[in-house]
Amino acid sequence: DFTMDFTTGVINWVIGLVVSVYMLYSKETLIRQVKKLVAAVLPVKIADKVLEVGAVSNRIFVQYLLGRIYDSLIVLVLCFIGMSILQMPYALLISVVVGVTNIIPVFGPFLGGVPSALILLMVDPMKGLWFIIFIIVPQQVDGNIICPLIVGDALGISGIWVLAGVSLGGELCGGAGMALGQPNTAHLFPFLERLWETRD
């Protein structure tokens with residue numbers, strides 16, 4: 001069962017990657033086709049609203065992704081500086097792994113931290129233990145301070161709303177909710193502001 005699940009997961013991941021590359025390559029054509037389809041199927045007013053929501057969603061997710069990348073670069077630099085001070089082996093390699101995997105919300109720190117700790121434990125058990133203690137610090141600082149500030153600024157919302165979105169999303173939908181809580185919270189603000197303006 002484990003082998004079947006793992007194989008299915010790998011195949012789905014590869015297919016998803018191929019489809020993503022294809023969609024990015026044909027992005028302009030797909031956008032035109034979707035707009036024509038929406039305009040043909042829906043009434044004019046509803047079609048305009050759907051296209052407006054799509055444009056806002058696209059802008060928010062692009063800003064969210066850029067914010068995650070900036071945040072991960074900061075984690076990479078902090079990890080490299082700390083490992084260099086502690087004179088740990090493979091400082092640059094492990095810092096790059098930790099930084100790149102940090103782009104993935106929620107699970108990224110574990111995906112980067114656990115393999116890196118195992119490598120260091122095999123090379124030097126004492127250094128590996130120090131790394132496990134050390135990596136908790138930048139990850140906590142990033143998760144509670146840096147990430148909400150950077151991602152919140154990129155999305156145009158306060159850091160407290162980023163934390164609220166992650167907490168509420170995790171409570172309602174688990175890991176997927178935590179991953180999508182930040183951009184979904186940012187989605188609400190333009191429409192709430194417009195609703196407030198129309199009420200005035």
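Preceding this section is the structure that the text describes.
Residues numbered from 1 in each chain as written. Predicted model: local features only at pLDDT ≥ 70, side-chain atom pairs only at ≥ 80, totals over all residues. Heavy atoms only, no water.

A.B. asks: Outline the nonpolar core, listing residues and values.
C.D. replies: Core analysis: the largest hydrophobic core is formed by 12 residues, namely Val75, Cys79, Met83, Met88, Ala91, Ile94, Val98, Ala117, Leu120, Phe131, Phe134 and Ile135. Of all the secondary structure elements, the ones that give two or more residues to this core are helix H3 (44-85), helix H4 (91-101), helix H5 (108-123) and helix H6 (125-155). With sequence-adjacent residues up to four places away left out, Ile135 is seen in contact with Cys79 and Val98. (Core = buried A, V, L, I, M, F, W, Y, C linked by side-chain atoms within 4.5 Å. Buried < 20%, exposed > 50% of the residue type's maximum accessible area, 1.4 Å probe, protein only. Helix = DSSP H or I, 4+ residues; strand = E, 2+ residues; numbered from the N terminus. Contact = heavy atoms within 4.5 Å.)

A.B. asks: Kindly report on unusual backbone geometry, identifying the contributing residues and their values.
C.D. replies: Positive phi is not limited to glycine here, since Gln87 has a value of about 55 degrees. Structurally, Gln87 is set in the loop between H3 and H4. Judged by relative accessible area, Gln87 falls into the exposed class, the value being 63%. Notably, Tyr90 is not glycine yet its phi reads approximately 55 degrees, a positive angle. The residue Tyr90 is located in the loop between H3 and H4 in this model.

A.B. asks: Please give an account of the side chain of Ser95 that cites residues and values.
C.D. replies: By secondary structure assignment, the location of Ser95 is in helix H4. When its relative accessible area of 0% is taken as the criterion, Ser95 is described as buried. Those residues in contact with Ser95, other than ones at most four positions away along the chain, are Leu76, Cys79, Phe80 and Met83.

A.B. asks: Describe a nonpolar patch on the surface, with residues and values.
C.D. replies: A surface patch of nonpolar side chains, amounting to about 890 Å² of accessible area, comprises Phe110, Val114, Leu118, Leu121, Met126, Leu129, Trp130, Ile132 and Ile133. Contributing elements (two or more residues each) for the nonpolar patch: H5 and H6. In terms of residues, the nonpolar patch owes the most to one element, H6, which gives 5 residues. As for its placement among the helices and strands, Ile133 is situated in helix H6. You can call Ile133 exposed: its relative accessible area is 53%. (Patch = residues over 30% accessible without salt bridge, like charges linked within 9 Å, V, L, I, M, F, W, Y side chains within 5 Å. Areas by Shrake-Rupley, 256 points an atom, 1.4 Å probe, with all protein chains shown as cover. Salt bridge = Lys/Arg side-chain N within 4 Å of Asp/Glu carboxyl O.)

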